[in-house]
Amino acid sequence: MEFLHPLMLYGAIMAGVPLIIHLIFRRQYQTIVWAAMDFLLQAIQQTKRRLLLENLILLLLRMLILVVLALALARPIFKNTPLSFLTGDVKENLILVLDNSYSMRYSEQTRTPFENAKDKALELLKGLKSERDTISLITTQGKKTSASASSDSKEESLNSVVMEFSSNLDEARREIEDLTCSQSSGSIFEAIPTLKRLISNGDYPNKKIYILTDMQKNCWDPTTGEKSEESSLELEFRRLSEKSTITIIDTANFEKAENVAVVDLFCTEKLIGTNSSVQFMVRVQNFGEKIYSDNEKISLDFFVDGEKQGGDAVELKPYQTKEVYFSHEFSTAGPHFVNVESQNDKLTLDNHRFFAFQVTQSVPILVVDGEPKAGPYESETDTLFAALSPLPEGANYIFRPKRIKYPEFDQEDINQYKIILFANVEMISSELIEPLERFLQEGNNLLFFLGKKVNADEYNQYFYKDGLGFFPAKLQRIQGDPTRKEWVSIIPKNYDHPLLALFDKMPELLESTPIYQYFISHWDERASPDTKLIASYNDTNKTPAILEKKFGRGKVLLYTTSCDIDWNDLAFSICYLPLLTETIEYLAYTEERFQNVEVFQPFEKYFSQMIKEEIYLGIPDEEGSASLARTRLDLKQLGTENRMYFQFLNTERIGLYQLFREKNESPEEVFSVNLDTRESNLDRVTEEQLKEKLGNNPKIAYLRTGVTENAFIAITKDAEYWRMLLYLLLGLVLLETYLAQKFGNYSR
């Protein structure tokens, strides 16, 4: 039994009022011996018992009237009552949560778990009555499409509220029939904020939550699966069950699933240039127990710009991951893409992987020299500039550096460069700080080498800004031995960083190079999560040597020593050229991180000038291939500058998105959207495991309906007893009135 208004039960306390009144006003008699009254004692003894019984009956009736009144106001609910003519049906407020993550597409037999879920949702809908009951429908993945959704909070952005407390059951039926399975991973955990908001709506009591899912483990493990997360899930479901009933329905028609997915595709080179062989790596993973060998190898097809360029066949053991490589040489610069397809299995969506990139003819670099001098190799950047341009002018070399003196920086158009390198620059005009910040926001990069001319106070004020600026650390003072008798060396934090991975097998090349002077800098990892320590000096305090900070779409790299021989012997070392080359290649690689995103992640592009013609984006088809469907993009002006940009948010479909200008059939840029392949692991959570995860909550029911075709789910109809209680209340009042009158007549 449940109550729609449980607070009204406190009204039953009023049943004690008649008793209190009786006790207060009960007459207290004093015994007095009076001989003349002795003859009445016999009559009093005869009527005393009858009077006490009458008063007790009236007292109990009046107390019962107040209890029944409190119960009627609390509106109790009973299950499956046979007295339907005396009871009123409870208004049902059904909340359906449909798991529409892409694992629900798995087709073991003729039907998928998602199709089963839709069928069961429609069966639940049959138990509702229009104009009385309501239905709310949400999915675990998708954008909000309902105007009735009252919350636009970030925490609800990952699930879709299709409808809220709607009594239009015909519309609800159409919405369920029109639902499609998304191409994203999903989590029941992400639907909890929406569920909490819905069950907190006091206008719709008696809510029932039904969760229809394939019971995939990933769906119940929102992050790392740590104990803290499990406890949080248990706590949230306990809170939900306090205000509603919860039924979890398993719609899968399989116990174990076999699936092979292409989980990754990328280029092994930092820079992709023309007329040179480029290697790509494909990672394939077996998520099941099946062995693929001999005649059952997994076949892979490699495509470059839509044309098949080769293939391979892969053997896979249970739960094994294997890497496959293929190479290609690009003759033209500009946008290109590769994709890989594996043979079809029972979950076809994760058999595709895409990778978009720009083939680069050259990387424009601006080198700002803070200490220019007339003699050969006397300027701050002479050695560095020679390392960046080792070939004669006009030769085909991917780095294209331009060197200027730091006073000339004010007149330079920085938007034509990919990387700006500052070498021992005292300071730049404060008016150029904002353009530099926009330069970084758009995905370009800065590289700093320090020196004796650097004004630490102004760097801290305009670049660092107490951690809010783009500079990685706060500069303090110059440290070291200017006589070059004592020195320290650079020690990487680890060799996993792309900047230093080349030295993993030859660490002595870097660690044996003397560093005589450097800047001491302060860096707080907790206060600056976007800043990363790459290497330190082997001094007592392990002072930072190389720091990196992400700022917008760009990066800032800081070497706390100089790039010339004034403060170190790097230029004399064999490690100088590879270190500088790896640094520049690492910074030039930034753009591809934003060309390749996962489903529901946005991508964007900045234009260096105002665009007058229309810009269109080609949308991929269901298989991810480029199609003729195009949508016009709404370009926005970047502040007050003569530049524009766009951000595209509707990346709910995997595949290749191609950017076109009006009347131009060749794409200007290509973006790829890929799956979150955590969803490709179809391992299921059992009912026992889920019960334990949710704290063995007795208020949560579990149903398995996907195994048998004839399984049927019906809503357990509840009934209210308020009508019967009112009939009973009326009868008690009439009875009390009749008995009070009758007993009063007896008294007279």
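Residues numbered from 1 in each chain as written. Predicted model: local features only at pLDDT ≥ 70, side-chain atom pairs only at ≥ 80, totals over all residues. Heavy atoms only, no water.

## With respect to the overall build of the chain
Put simply, the rule is: A run of DSSP states H or I qualifies as a helix once it reaches four residues; a run of E qualifies as a strand once it reaches two. Both are numbered from the N-terminal end. The classification of residues rests on relative accessible area computed with a 1.4 Å probe and restricted to protein chains. Under 20% of the type maximum is buried, over 50% is exposed, and intermediate values are partly exposed. Using a 1.4 Å probe, the Shrake-Rupley method yields the accessible areas, and only the shown protein chains count as cover for residues.
The helix and strand inventory of the chain stands at 15 helices and 35 strands. Looking at the 748 residues of the chain, the share that counts as buried comes to 49%. As displayed, the chain has an accessible area near 37300 Å², and 51% of this comes from carbon and sulfur atoms.

## Some details on the confidence of the model for the chain
We apply this condition: The quantity known as pLDDT measures the predictor's confidence residue by residue, on a range of 0 to 100. Contacts are residue-level and defined by heavy atoms, with any inter-residue pair within 4.5 Å sufficient.
Confidence along the chain averages 84 in pLDDT terms, with 84% of residues attaining 70 or more. Every residue in residues 143-157 is under pLDDT 50, and counting partners more than four places away or in other chains gives 31 contacts.

## Regarding the packing of aromatic side chains
We count it as follows: Pairing of aromatic rings covers Phe, Tyr and Trp, the last through its six-membered ring, and needs centres within 6.5 Å; plane angles under 30 degrees mean stacked, over 60 mean edge-to-face, and all others mean tilted. A ring is scored as having a charge over it whenever the NZ atom of a lysine or the CZ atom of an arginine sits within 6 Å of its centre and within 35 degrees of its normal.
Here the structure, examined in full by the defined rule, presents 29 aromatic pairs. Looking at R403, its charged tip hangs above the ring of F385, at a distance of 4.6 Å from the centre.

## Here's the deal with the pattern of salt bridges
Spelled out, the test is: Throughout this description, the term salt bridge denotes a Lys or Arg side-chain nitrogen within 4 Å of a carboxyl oxygen of Asp or Glu.
Considering all chains together, one arrives at 34 salt bridges under this definition. Between E92 and K208 there is a salt bridge; the shortest N-O distance is 3.4 Å. Placement of the pair is E92 in the loop between β3 (88-89) and β4 (93-98) and K208 in strand β7 (residues 207-213), with a sequence separation of 116 residues. For the residue pair E92 and K208, the accessibility class agrees, reading buried in each case. Notably, a salt bridge pairs K196 with E236, separated by 3.5 Å at the nearest N-O pair. Taken as a pair, K196 in helix α5 (residues 192-199) and E236 in helix α7 (residues 227-243) lie far apart in primary sequence, 40 residues in all. For K196, a relative accessible area of 34% puts it in the partly exposed group.

## Concerning the sheet that holds strand β6 (residues 160-166)
This is how the line gets drawn: Being paired, for any two strands, means DSSP has found at least two bridges between them. The angle between two axes is taken between their N-to-C directions and runs from 0 to 180 degrees, where each axis is a line fitted to C-alpha atoms and a helix contributes only its stretch in contact.
The strand order β6-β5-β4-β7-β8-β34 describes an open sheet built from six strands, whose pairing is mixed. The open sheet is flanked by β6 and β34 (700-704), the only strands paired with a single partner. If you compare each strand with its neighbour and ignore which way they point, the axes differ by 15 degrees on average. By the bridge criterion, four bridges tie strand β5 (residues 134-139) to β6 in an arrangement that is antiparallel. Opposite L137, over in β6, you have M163 as the bridge partner. α5 rests against β4, β5, β6, β7 and β8 (244-250) of the sheet, and its axis sits at about 15 degrees to β6.

## Quick notes on the nonpolar core
Rule in force here: As used in this record, nonpolar core signifies buried Ala, Val, Leu, Ile, Met, Phe, Trp, Tyr and Cys residues forming a set joined through side-chain atoms within 4.5 Å.
With 40 residues, the main nonpolar core has L384, L447, I490, L499, L500, I546 and L557 as its most contacted residues. If you tally residues by element for this core, the top one is helix α12 (residues 576-588), at seven residues. Among all residues touching L384, those that are not within four sequence positions of it are V367, L421, F449, C563, Y576 and L580.

## Side note on empty space enclosed by the protein
Vacant regions in the atomic arrangement are exposed by a probe of water-molecule size rolled over the atoms. Stated precisely, the cut-off is as follows: Lining residues are those with an atom within 4 Å of a point, where the points come from a 1 Å grid over the protein atoms alone and group into cavities, where a 1.4 Å probe fits but cannot get out, or pockets, open sets with protein on both sides within 12 Å along at least five of seven lines. Grid points are joined across faces, edges and corners, and a volume is the space filled by probe spheres set on the points. All amino acids are sorted into three groups, where Ala, Val, Leu, Ile, Met, Phe, Trp, Tyr, Cys and Pro are nonpolar, Asp, Glu, Lys and Arg are charged, and the leftover types, Gly among them, are polar.
Within the structure shown, the criterion is met by three cavities of 30 Å³ or more. Within this model, the largest cavity holds a volume of roughly 50 Å³. If you trace the largest cavity, you find it lined by F449, Y559, L570, Y576, L579, L580 and T583. No other element matches the four residues that α12 contributes to the lining of the largest cavity. Split by residue class, the lining of the largest cavity holds six nonpolar, one polar and no charged.

## Here we look at the packing of helix α3 (residues 113-126) against helix α4 (residues 169-178)
Note the following rule: Each angle receives one of four descriptions, namely roughly parallel if under 35 degrees, roughly antiparallel if over 145, roughly perpendicular if within 65 to 115, and oblique otherwise.
One way to put it is that α3 packs onto α4 with a least axis distance of 10 Å and a crossing angle of 170 degrees. By the criterion of interaxial angle, the relationship of α3 to α4 is roughly antiparallel. Here α3 contributes K118, A121, L122 and L125 to the contact with α4, which in turn contributes L169, A172, R173, I176 and E177.

## Some details on the sheet that holds strand β26 (residues 596-598)
Read from one edge to the other, the open sheet built from five strands follows the order β26-β33-β32-β28-β29, with strand pairing classed as mixed. The open sheet has two free edges, formed respectively by β26 and β29 (630-632), since each of these has just one partner strand. Neighbour to neighbour, the strand axes of the sheet diverge by 25 degrees on average, direction disregarded. Strand direction decides the pairing type here: strand β28 (residues 615-618) and strand β32 (residues 655-661), joined by four bridges, are antiparallel. The partner of G618 across the bridge, within β32, is Q658.

## Some thoughts on unusual backbone geometry
The phi torsion at N275 lies on the positive side, around 55 degrees, for a residue other than glycine. With respect to the secondary-structure elements, N275 resides in the loop between β9 (260-267) and β10 (277-286). For D294, which is not glycine, the phi dihedral falls at a positive 55 degrees. Following the sequence through the fold, D294 ends up in the loop between β10 and β11 (298-304). With relative accessibility at 60%, the residue D294 sits in the exposed group.

## Some thoughts on a nonpolar patch on the surface
Defined as follows: Here, patches come from residues exposed beyond 30% relative accessible area and free of salt bridges, joined within 9 Å for like charges and within 5 Å for nonpolar side chains (Val, Leu, Ile, Met, Phe, Trp, Tyr).
Judged by side-chain polarity, M14, V17 and I21 come together as a nonpolar surface patch covering roughly 250 Å² of accessible area. Relative to the helices and strands, I21 is located in helix α1 (residues 16-25). Residue I21 is classed as partly exposed on the basis of its relative accessible area, which comes to 44%.

## Here we look at α4
Stated formally: Taken from the helix axis, the directions to the C-beta atoms give the arc we talk about. Counting of polar contacts relies on pairs of N or O atoms within 3.5 Å, with two restrictions inside protein: one atom must be capable of donating a hydrogen and the other of accepting it, and residues adjacent in sequence are counted only when both atoms are side-chain atoms.
For α4, the complete set of buried residues consists of L169, A172 and I176. The arc that holds the buried residues of α4, viewed along the axis, is 50 degrees, so those residues lie on one side. The inward-facing, buried residues of α4 abut β4, α3, β5 and β6. Its side-chain oxygen at 3.4 Å from the backbone nitrogen of D170, N168 defines the N-terminal cap of α4.

## Regarding the environment of K196
In the structure, K196 is positioned 41 residues away from F237 in sequence and 9.6 Å away in space, judged by C-alpha atoms. In contact with K196, other than residues within four places in its own chain, are E236 and L240. Polar side-chain contacts of K196 include one of 3.5 Å to the side chain of E236.

## Some thoughts on the environment of S331
With respect to the helices and strands, the residue S331 is situated in the loop between β13 (321-329) and β14 (334-342). With a relative accessible area of 58%, S331 lands in the exposed category. Placed 56 residues apart in sequence, S331 and N275 show a C-alpha to C-alpha distance of 5.1 Å.

## Quick word on helix α9 (residues 433-441)
Along α9, the residues classified as buried are I433, L436, E437, F439 and L440. Looking straight down α9, one finds that the buried residues subtend no more than 155 degrees of arc, so they occupy a single side. G443 sits one or two positions beyond α9 and adopts a positive phi of about 100 degrees.

## Side note on the environment of L432
Inspection of the secondary structure assignment puts L432 in the loop between β18 (419-423) and α9. Residues L432 and F409, 23 residues apart in the sequence, show an inter-C-alpha distance of 9.2 Å.

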